[in-house]
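Remarks on the overall topology
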Amino acid sequence: MRRGRSYHYQIIDELHKNGELTLRIAYNLFTQKPKDELADLSRWTGRVKPGQGDDYYRHNGAGENLVFSAADFEDFLEPRPELPVSMEQDLKPVVTLLALNRWPFRLHATYDESITRALNIYEEVNREVPLKGLHWFIDHAETISKRNMERVKALGGGIAVQHRMAFQGEYFRDRYGEAALKRTPPIAEMLGMGLPVGGGTDATRVASYNPFISLYWLVTGKTVGGLSMYPERNRLDRMDALRLWTVGSSWFSSEDGKKGAIVPGQLADLAVLSSDYFSIPEKEIKGLESVLTVVGGKAVYAAEEFAELSPPVPPVLPDWSPVAAYGGYAKPALAPASARSSVALAHNHKHVSADCGVAGGFGCLCWAF
Ligand SMILES: [Zn+2]
């Protein structure tokens, strides 16, 4: 198993060395063994520095698992898990180590109760080793309170949101009710407070990796099953939703100002979409796809009228993958070329460190963000 998994990372290394990556990866190191987290991170902080690598493949700190005792599983069919009493004593030395080494860190936290306990520790550490300027952040934060958003802001942190509610909104409503559902997570409030907010997906185990389903969720506030979850005040207009996915997310890999906008001086990454994101009916946003993806000024994917720019497509691995038969995630009817729009690329792709999928019951071990 271990050999099989590390092989996957060798492939990424190899693609990077050969200049064949078709997306940029900022990876975080994810602790693997309960109670050995501090030992793992002590070793890793001696081996690699944040930002080490290049614009295609770079190290971005620790998380989203910092210690196993701080992880709250996001299955809304089940009651909220109470984190073990050992959580604080596990988390404090790890966060202290990261702060001393100036390693950015991210923490998986679904519920406000878990966030409260993590922030108690962050504030304690911050009094001894300032976190200022570290670009640390909370992942998910579906039920975060205003008070805890203020605490995140005071410590200079950010919040990375993903469209997990698009898939679990009905379960959440059944367990916690309509009122609680309305602010899961309270993205507009976060933005109103001036918090850094990044948009992503929590693929591949918790949600779809398709960015357009996440944009659809941000704009409509609906689940993929059609349940309308959020009032107008907690939905985003299309520009703000796109900003979360581009310039917003660039802060989370400390690459703000470097990517996320189509302007001189930033990385030359963009996608031409199958229809005009800004003018199509809302329900069609989730059916968008790229017809031309340019990374570093090079076409890495091209279809339809751009097909001649397409690099040769490698064989599908594993060969039983549905992609081999169906040609991709889904095939919506493409809009005419005149209706297309371009967007910059800047969402970060999370990357786990080694043993993907070993912790039973913890859903989001492997994902893109
Ligand atoms: Zn997570």
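Further up the page is the structure itself.
Residues numbered from 1 in each chain as written. Predicted model: local features only at pLDDT ≥ 70, side-chain atom pairs only at ≥ 80, totals over all residues.

Our focus in this paragraph is the overall build of the chain. From N to C terminus, the chain includes 11 helices and 10 strands. Expressed as a percentage of the 369 residues in the chain, the buried residues total 43%. Of the contacts formed within the chain by residues at least 6 apart in sequence, a portion of 71% connects residues at least 24 apart. (Helix = DSSP H or I, 4+ residues; strand = E, 2+ residues; numbered from the N terminus. Buried ≥ 20, exposed ≤ 12 C-beta atoms within 10 Å, placed from the backbone. Contact = placed C-beta atoms within 7 Å.)

Before going further, it helps to examine the environment of aspartate 269. Along the chain, aspartate 269 turns up in the loop between α10 (238-250) and β7 (270-273). Separated by 75 residues in sequence, aspartate 269 and alanine 344 have C-alpha atoms that sit 5.9 Å apart.

Moving on, we come to the sheet that holds strand β3 (residues 106-109). Pairing within the open sheet is parallel, and its four strands lie in the order β3-β4-β5-β6. The open sheet has two edge strands with one neighbour each: β3 and β6 (197-200). With direction set aside, neighbouring strand axes in the sheet form an average angle of 25°. Here strand β5 (residues 158-162) runs beside β6; their pairing, made up of four bridges, is parallel. (Pairing = 2+ DSSP bridges. Axes fitted to C-alpha atoms, helices over the stretch in contact; angles between N-to-C directions.)

Under the 1.5 Å per step criterion, the end-to-end length of helix α4 (residues 112-128) is 25 Å for 17 residues, consistent within 8% with the ideal 24 Å. Those residues of α4 not exposed but buried are Ser114, Ile115, Ala118, Leu119, Ile121, Tyr122 and Val125. All buried residues of α4 project into a common sector of 165° when viewed along the axis, lining one side. Those residues of α4 that are buried lie in contact with α3 (87-100), β3, β4 (137-140) and α5 (146-154). (Expected span 1.5 Å × (residues − 1). Arc of directions from axis to C-beta.)

The side-chain alternation of β3 yields two buried faces, one formed by Arg106 and His108 and the other by Leu107 and Ala109. Note: β3 against β4, four bridges, orientation parallel. Its bridge partner lying in β4, arginine 106 is registered against phenylalanine 137. In this region the chain leaves β3, passes through α4 and returns to the parallel neighbour β4; the handedness of that crossover is right-handed. (Right-handed = clockwise from strand over helix to strand, strands pointing away.)

With that out of the way, let us pick up the pairing of strand β1 (residues 25-29). On a regular strand, each side chain points to the face opposite its neighbour's, so the side chains alternate between the two faces of the sheet. The element β1 is largely enclosed, with a buried count of five among its five residues. In β1, alternate side chains face the same way, and those of Ile25, Tyr27 and Leu29 on one face and Ala26 and Asn28 on the other are all buried. Relative to strand β2 (residues 57-62), β1 runs parallel, the two being bridged by four bridges. Each residue of the ladder has a partner; that of tyrosine 27, found in β2, is histidine 59. Each parallel crossover has a hand, and for β1 linked through helix α2 (residues 37-47) to β2 it is right-handed.

So, about unusual backbone geometry. Excluding glycine, most residues fall at negative phi; most peptide bonds, likewise, are trans. Going from alanine 203 to threonine 204, the amide bond is cis rather than trans, its omega being 10°. Cis peptide bonds are those with omega within 30 degrees of zero, and the linkage from leucine 317 to proline 318 qualifies with -10°. Following the sequence through the fold, proline 318 ends up in the loop between β9 (298-302) and α11 (322-326). Although it is not a glycine, lysine 35 adopts a positive phi angle of roughly 75°. Using a count of 12 C-beta atoms within 10 Å as the deciding quantity, one classes lysine 35 as exposed. Of note, alanine 141 is a non-glycine position whose phi angle comes to about 55°, a positive value.

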